[in-house]
Amino acid sequence: MKKVTRVIMNKYFIVTICFVAWVMYFDQNDWMTLRDRQHELDDLRANIEYLRHEIAEMETETRTLTVDMQGRPNDPERLERYARESFRMKHEGEDVYVIEQ
């Protein structure tokens, strides 16, 4: 018991414990902040992967809209129809009625 008390009362041990407590809880880059930043980084990386997947899908869709199977450009009427159906675009003076089921 006396030996344990001597180790605990050692000035180097006390300074080390204070330093570890300061670094883990009171410092600008404490343990909880680093953990939160790591979770945020993981979320951002997942978001980047999702957006890359979406970009790849959109590029594929753009290629299919602008070029047909033989590599010729598609007709403007087909592109206009796609724009009208997908994005509800209209000509000047037209009325668009959307019926959804």
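Here, every reference points to the structure presented above.
This one's a predicted model, so the numbers in the text were calculated from it and none came from an experiment.

Conventions we followed
Residue positions are given per chain, counting from 1 as you read along its sequence in written order. Given that the model is predicted, a residue must reach a pLDDT of at least 70 before its local features are reported, and side-chain atom pairs must reach 80 or more before they are shown or counted; all residues, however, enter totals for whole chains, interfaces and linings. The basis for the side-chain values is all heavy atoms of the structure; hydrogens and waters are excluded. Each helix is a run of H or I in the DSSP string that is no shorter than four residues. Each strand is a run of E no shorter than two, and both are numbered from the N terminus. Pairs of N or O atoms within 3.5 Å make up the polar contacts considered here, provided that, within protein, one atom can donate a hydrogen while the other can accept it, and that residues adjacent in sequence are counted only when both atoms are side-chain atoms. To pair, rings of Phe, Tyr and Trp, with the six-membered ring standing in for Trp, must have centres within 6.5 Å; the planes then decide the type, stacked if under 30 degrees apart, edge-to-face if over 60, and tilted in the middle. Counting as a charge over the ring demands two things of the Lys NZ or Arg CZ atom: a distance within 6 Å of the ring centre and an angle within 35 degrees of the ring normal.

J.: Would you mind showing me how to read the environment of His 53 here?
T.: By the element assignment, His 53 lies in helix α3 (residues 31-66). Each C-alpha atom, one on His 53 and one on Glu 100, is 28 Å from the other, the two residues being 47 residues apart in sequence. For His 53, the side chain forms a polar contact with the side chain of Glu 57, separated by 2.7 Å.

J.: Which parts of the structure should I look at to understand the packing of aromatic side chains?
T.: Both the distance between ring centres and the angle between the ring planes are used here to describe each pair of aromatic rings. By the definition in use, this model includes one aromatic pair. Seen in terms of ring centroids, Trp 22 and Phe 26 are 5.7 Å apart; in terms of plane orientation they differ by 40°. Their pairing is tilted. Of this pair, Trp 22 and Phe 26 are both found in helix α2 (residues 11-26), four residues apart, which corresponds to roughly one turn of the helix. A cation sits over an aromatic face here: Arg 35 above Trp 31, 5.1 Å from the ring centre.

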